[in-house]
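Examination of the molecular architecture
Here are the chains, one letter per residue:
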Amino acid sequence: MMLGFLLLWVGAVLFLNGLWLLGKIEDREIVVINIVSGLVAAGVVIKSVFGTAADAESIRAGALTLLFATTYFWIAHNRVTGVDGRGLGWFSLFVAITLIPVILKAYAGIGAGGSFWLATNWLIWAALWFMYFLLLALGRPILKATAWATLVAGIVTGWLPGMLLLDGMM
């Protein structure tokens, strides 16, 4: 249930960040969803890492979830302060590289209780973070592609699976 809760908010923030990158939402307004989603992810991290049922796997999940929370807080910070986002771009490269073994482990574990959709989500998220690196740190002209990738990833990797998990359909 916790995964569905988190994915719903990941879906919301990615969808709205995609709209923001397309110019449909103002910089000052996008701060709210990034802070709320960052707080949701941070709450999951605290429960996963420091909760009474914490174990090696929940701590690993918490560490990976903190990558999301940090990203959302950083986006909010950038919009409030007006900085150019290069630091977030380089952090995005760090995350994309960090996720390579996560993706490999996820795909390798498909036959042993792992799921194809979660492994594919990790792949999509890594690609998205890499796009943010290209856009923000290197200044590549891929704003529109990144916006659409963010919006679609929000629906496919967050909102839909989050709702299916919360409704007990997945």
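Residues numbered from 1 in each chain as written. Predicted model: local features only at pLDDT ≥ 70, side-chain atom pairs only at ≥ 80, totals over all residues. Heavy atoms only, no water.

1. Describing empty space enclosed by the protein
- Counting across every chain of the model gives one cavity of 30 Å³ or more.
- If you add up the space inside the largest cavity, you get close to 140 Å³.
- If you trace the largest cavity, you find 13 residues lining it, with Leu-14, Thr-71, Leu-128, Trp-129 and Tyr-132 closest to the centre.
- Listing elements by their share of the lining of the largest cavity, those giving two or more residues are helix H1 (2-21), helix H3 (56-81), helix H4 (86-108) and helix H5 (116-137).
- When grouped by side-chain class, the residues that make up the lining of the largest cavity number nine nonpolar, four polar and no charged. (1 Å grid on protein atoms, 1.4 Å probe; cavity = no way out; pocket = protein on both sides within 12 Å on 5 of 7 lines; lining within 4 Å. Points joined across faces, edges and corners; volume = space filled by probe spheres on them. Helix = DSSP H or I, 4+ residues; strand = E, 2+ residues; numbered from the N terminus. Nonpolar A, V, L, I, M, F, W, Y, C, P; charged D, E, K, R; others polar.)

2. A short note on the packing of H1 against H5
- One way to put it is that H1 packs onto H5 with a least axis distance of 14 Å and a crossing angle of 30°. Seen along the crossing, H1 lies across H5 with a hand that is left-handed. Along the contact surface, H1 presents Leu-3, Leu-7, Val-10, Leu-14 and Leu-21, while H5 presents Trp-117, Trp-125, Leu-128 and Tyr-132.
- Classifying every residue of the contact of H1 with H5 gives nine nonpolar, no polar and no charged. (Axes fitted to C-alpha atoms, helices over the stretch in contact; angles between N-to-C directions. Left-handed = near helix turned anticlockwise from the far one by under 90°. Contact = heavy atoms within 4.5 Å.)

3. What about the packing of aromatic side chains?
- Applying the stated rule across the entire model yields 10 aromatic pairs.
- With a centroid separation of 6.4 Å and an interplanar angle of 50°, the aromatic rings of Phe-68 and Tyr-72 are classed as tilted. One end of the pair is Phe-68 and the other is Tyr-72, both in helix H3 and four residues apart, which spans about a single turn.
- What makes Phe-68 buried here is its relative accessible area of 7%.
- These aromatic residues form a ring-pair network of at least three members: Phe-68, Tyr-72, Trp-122, Trp-125 and Trp-129. (Phe/Tyr/Trp six-rings, centres within 6.5 Å; stacked < 30°, edge-to-face > 60°. Buried < 20%, exposed > 50% of the residue type's maximum accessible area, 1.4 Å probe, protein only.)

4. Considering the side chain of Thr-146
- With respect to the helices, strands and loops of the structure, Thr-146 is situated in helix H6 (residues 143-166).
- By relative accessible area, which is 0% here, Thr-146 ends up buried.
- With residues up to four places along the chain from it excluded, the contact list for Thr-146 reads Leu-21, Leu-128, Met-131, Tyr-132 and Leu-135.

5. Concerning the packing of H3 against H4
- Taken N-terminus to C-terminus, the directions of H3 and H4 make an angle of 155°; their axes are 11 Å apart at the nearest point. Considered as vectors, H3 and H4 are oriented roughly antiparallel to each other. Crossing hand, H3 versus H4: left-handed. Residues Glu-57, Arg-60, Leu-64, Leu-67, Thr-70, Thr-71, Trp-74, Ile-75 and Asn-78 of H3 form the contact with H4, whose participating residues are Gly-87, Leu-88, Phe-91, Phe-94, Val-95, Thr-98, Leu-99, Val-102 and Lys-105.
- Tallied by class, residues from the contact of H3 with H4 come to 10 nonpolar, five polar and three charged. (Parallel < 35°, antiparallel > 145°, perpendicular 65-115°, else oblique.)

6. Thoughts on the nonpolar core
- Judged by nonpolar contacts, the single largest core of 35 residues is most densely connected at Leu-99, Trp-122, Trp-125 and Trp-129.
- Broken down by secondary-structure element, the contributors of at least two residues to this core are H1, helix H2 (27-50), H3, H4, H5 and H6.
- Excluding its chain neighbours within four sequence positions, the residues that come into contact with Leu-99 are Leu-64, Leu-67, Trp-122, Ala-126 and Trp-129. (Core = buried A, V, L, I, M, F, W, Y, C linked by side-chain atoms within 4.5 Å.)

Bear in mind that shape data such as this cannot, by itself, settle questions of function.
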